[in-house]
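Coordinate inspection notes
Listed below, chain by chain, are the residues.
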2 protein chains.
Amino acid sequence: MSFSTKGEYGVRLMVQLGRRYGSGPSSLAEIAAEEDLPRPYLEQLVMSLRDADLVTSTRGSHGGYELSRPPEQIPMIAVLRVLEGPIAPMICATDESAAAHEPTCDRTARCTVNFLWIRIRDAISTTLDGMTLADLVPERVPPIQPISLQESRHP
Amino acid sequence: MSFSTKGEYGVRLMVQLGRRYGSGPSSLAEIAAEEDLPRPYLEQLVMSLRDADLVTSTRGSHGGYELSRPPEQIPMIAVLRVLEGPIAPMICATDESAAAHEPTCDRTARCTVNFLWIRIRDAISTTLDGMTLADLVPERVPPIQPISLQESRHP
DNA sequence: TCGAATTCCGACTGAATCTGTCGGGATTAC
DNA sequence: GTAATCCCGACAGATTCAGTCGGAATTCGA
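Here is what the cut-offs are and how they apply
Residues numbered from 1 in each chain as written. Chains lettered and ligands numbered in written order. Predicted model: local features only at pLDDT ≥ 70, side-chain atom pairs only at ≥ 80, totals over all residues. Heavy atoms only, no water. Least-squares fit on C-alpha atoms with pLDDT ≥ 70 in both. Contact = heavy atoms within 4.5 Å. Pairing = 2+ DSSP bridges. Helix = DSSP H or I, 4+ residues; strand = E, 2+ residues; numbered from the N terminus. Axes fitted to C-alpha atoms, helices over the stretch in contact; angles between N-to-C directions. Parallel < 35°, antiparallel > 145°, perpendicular 65-115°, else oblique. Left-handed = near helix turned anticlockwise from the far one by under 90°. Nonpolar A, V, L, I, M, F, W, Y, C, P; charged D, E, K, R; others polar.

**Description of the relation of the copies chain A and chain B**
When chain A is fitted onto chain B, the two copies agree to an RMSD of 0.0 Å after a turn of 180° and an axial shift of 0.0 Å. Both chain copies can therefore be described as sitting about a two-fold axis. Across chain A, the smallest distance between a C-alpha and the rotation axis is recorded for Ala123(A), namely 2.8 Å. Most of the interface of chain A is mirrored in chain B: 100% of its interface residues are interface residues there too.

Now the structure itself:
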């Protein structure tokens, strides 16, 4: 039972974007270097985050990615759903299609076992419900003057 | 983010053993048939459960498996740890080696991100801590007379 | 207008894990 | 002795992981 690196890398990417929120788009190369992650792999991840409207992209030179809204308004459960798929310890206990009660419990012990998966799922969901990206972005850099960057960035 | 069928099948197996607790060993073939699961696959799972001393085996004819102790004394977290490995949403957040604080947080965003994985891990752990196998074994069959079985089992 | 920087996108791949299957050996009750 | 059962290791197809690669499309700035 574990998340994959998709989840880890993707969250780290989002945290970086959270720190830079308000400074315009950041290129993937920049973030990949700072987090020491393979840029082509991050590309895959950020595309799904974009499709989910969690980040927006700007093409062309000086383009990049930025959060689609402030970190406080980005629930971590949404981030993880995009990266890792629905929070479902077992197929019978999906969180997204919670309304669609499929009667997959035809065998004897299954129904009672579902109780376990649902408890686990709910535990994760409620934990994540209370968290936004802002909780993971402690050192928020205030909108920076591009002048002060120039000297310390590329020596 | 999901458990594998190891977890599902294994738990279903344990529930079956819970229902039969007190009736002597049950053969795998019996349980596999009742739960409609591949017996050779269950063999693999039950061996690790045996190695973890959650079930005991009796070899030879009329042998089989049974719980090593009553369902009330079998915490579900122990069952899932055996079947699925340590409860760790990410490598940096293992539950078993919680004492060994490895300083894997050398990069910038990692430390803050660990906070997330640890919260998730703790949510699962505390949920599971309160559950034993007895919670999943509602219809407990009292020790059965082998005579009544004989006619209804193999017609 | 050209070139550099960037996103966009699909295809490919080696390794690992999942989900089993198979075949036989060891042990025990009858 | 024989049938039932556990024990155990090897194998294998499918899927996912964790990337890599190459190039097309877009945009900014000189």
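Past the structure itself, the notes keep going.
**Overview of the pairing of strand β2 (residues 64-67) of chain A**
Residues and elements named next belong to chain A. Bridge count for strand β1 (residues 55-58) against β2 is four bridges, and the pairing is antiparallel. The residue bridging threonine 56 from the neighbouring strand is glutamate 66, located in β2. Hairpin connection of β1 to β2: five residues between the antiparallel strands, including glycine 60 at a positive phi of 80°.

**Digging into the packing of helix α1 (residues 5-19) of chain B against helix α2 (residues 28-35) of chain B**
All names here are of chain B. Packing of α1 against α2 brings their axes to within 11 Å, and their N-to-C directions diverge by 110°. Comparing the axis directions of α1 and α2 gives the class roughly perpendicular. Both α1 and α2 take part in a crossing whose hand is right-handed. In contact with Arg12, Leu13, Gln16 and Leu17 of α1, α2 contributes Leu28, Ile31, Glu34 and Glu35. In terms of residue class, the contact of α1 with α2 is built from four nonpolar, one polar and three charged.

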